[in-house]
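Commentary on secondary and tertiary structure
Okay, here's what each chain looks like letter by letter:
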Amino acid sequence: MKTLKDILGNHGSHWVGDGFPVRSLFSYNGDTRAISPFLLFDYAGPHNFEPNDGAPRGVGQHPHRGFETVTIVYDGEVSHRDSTGGGGTISSGDVQWMTAGKGIIHEEFHSTGFSKTGGPFRMVQLWVNLPAKDKGAPPAYQAITRDMIPTVTLDGGTARVIAGTLDGAEGPASTFTPVNLWDVRLDAGSETTLPLPDGHNSMIAVLSGRVTIDGQGVEQAEIARLSTTGEGVTVTADGDSILLVLTGEPIDEPVVGYGPFVMNSEAEIRAAINDFNAGRFGSMAAV
Ligand code: MN
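These notes cover the structure that comes with them. What you see is a predicted model; the values in this text were computed from it and never measured.

**Thoughts on the sheet that holds strand E20 (residues 211-213)**
Taken in spatial order, the four strands line up as E18-E23-E20-E21 in an open sheet, and their pairing is antiparallel. With partners counted over all chains shown, the strands left at the sheet margins are strand E18 (191-194) and strand E21 (216-218), one partner each. Between one strand axis and the next, the sheet turns by 30 degrees as a mean value, whatever way the strands run. Of the pairings in the sheet, the one linking E20 to E21 comprises three bridges and is antiparallel in character.

Here it is in structure tokens:
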């Protein structure tokens, strides 16, 4: 079995644009070996937005290079557009898996519909690193809708398999390195053993509720980081809980991050800044 290594969390909140009240539960500014292949975990909300008849709230055009962004919407709706001509709306239960690769410019806003109705908002944005050989991959995204995600029954709960495999179910997301990403719901009082792979860095984020892992309580907006070695972990739900389970094979390469760029060296970061300033990330079509 895996053991609990430490509990990650950040109870300070900051706004990304005017649409996303975010707690960064881990980022590439810490020990990147311990979290690889993951780079950053932003938990947006839960937050109740009032109806807005003006412009949707969010964050305008900005670049990314060298990794993937995974946006999981629990409550509310997020609309996006990017420099490849792509765009769409991520609704409750949907996931967008975007490969920034060699460079993309995009914008992320609440949908016009959600802006008008307002209501509860909850979202996770996870950044997943790319191995050096794939950092120049063409930008792309996978629009994974709720109906594409298989649900597995657990002891005392359910899991939606977004990426990887669980109990014979295969997640729809295509990944560059082995990754599991499961949206797990546990009923209060249940005890569930999750088959996390030996050799994967493994983390369990508590989005709501409270669980006990390896004898320690893990609260809302905290992440239990587990040992890389060992197979499986037992989770006891102290209340009805929503968990995001992430495991991945570590990428054993240097990580140098600067804002929206994550590369392997300072020189590559300087190149990313120069390329962006020179317009080599392309541009977004006018609305
Ligand atoms: Mn972005």
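**Looking at helix H3 (residues 266-277)**
Under the 1.5 Å per step criterion, the end-to-end length of H3 is 17 Å for 12 residues, consistent within 8% with the ideal 16 Å. Buried within H3 we find Ile 269, Ala 272 and Asp 275. The arc that holds every buried residue of H3, seen down its axis, measures 125 degrees, which confines them to one face. What points out from H3, more than 90 degrees from its buried face, is the exposed set Glu 266, Arg 270 and Asn 277. Of the surrounding secondary structure, the elements contacted by the buried residues of H3 are strand E25 (256-258) and strand E26 (261-263). After H3 finishes, the residue Gly 279 shows a positive phi value of roughly 80 degrees.

**Notes on the coordination of the manganese ion**
Around the manganese ion, the protein supplies His 62 (NE2), His 64 (NE2), His 106 (NE2) and Glu 108 (OE) as donor atoms, at distances of 2.1 to 2.4 Å. For the manganese ion, all donor residues lie on one chain, and their spacing in sequence is H-x1-H-x41-H-x1-E. Pair noted here: His 62 is in strand E5 (residues 58-64) and His 106 is in strand E10 (residues 104-110), with a separation of 44 residues, a long-range link. The same class applies to His 62 and to His 106, which are both buried.

**A look at the layout of surface pockets**
Taken as a whole, the largest pocket spans an internal volume of roughly 400 Å³. Val 16, Leu 40, Asp 42, Gln 125 and Trp 127 are, among the 19 residues lining the largest pocket, the residues nearest its centre. Mapped by element, the contributors of at least two residues to the lining of the largest pocket are strand E2 (14-16), strand E3 (20-26), strand E4 (38-49), E5 and strand E11 (119-129). Partitioning the lining of the largest pocket into residue classes produces nine nonpolar, eight polar and two charged.

**Focus on unusual backbone geometry**
Looking along the chain, the bond that leaves Ser 36 and enters Pro 37 is cis, with omega of 10 degrees. If you trace the backbone, Pro 37 turns up in the loop between helix H1 (32-35) and E4. A cis amide bond links Gly 45 to the next residue, Pro 46, at an omega of 0 degrees. The topology assignment puts Pro 46 in strand E4. Phi is positive for Asp 167, which is not a glycine, with a value near 50 degrees. Tracing the backbone shows Asp 167 in the loop between strand E15 (165-166) and strand E16 (169-170). Here the phi dihedral of Asp 214 falls at roughly 55 degrees; this positive angle occurs in a residue that is not glycine.

Procedures and definitions
- Residues numbered from 1 in each chain as written.
- Predicted model: local features only at pLDDT ≥ 70, side-chain atom pairs only at ≥ 80, totals over all residues.
- Heavy atoms only, no water.
- Pairing = 2+ DSSP bridges.
- Helix = DSSP H or I, 4+ residues; strand = E, 2+ residues; numbered from the N terminus.
- Axes fitted to C-alpha atoms, helices over the stretch in contact; angles between N-to-C directions.
- Expected span 1.5 Å × (residues − 1).
- Buried < 20%, exposed > 50% of the residue type's maximum accessible area, 1.4 Å probe, protein only.
- Arc of directions from axis to C-beta.
- Contact = heavy atoms within 4.5 Å.
- Donors = N, O, S within 2.8 Å, 3.2 Å for Na, K, Ca; no water.
- 1 Å grid on protein atoms, 1.4 Å probe; cavity = no way out; pocket = protein on both sides within 12 Å on 5 of 7 lines; lining within 4 Å.
- Points joined across faces, edges and corners; volume = space filled by probe spheres on them.
- Nonpolar A, V, L, I, M, F, W, Y, C, P; charged D, E, K, R; others polar.

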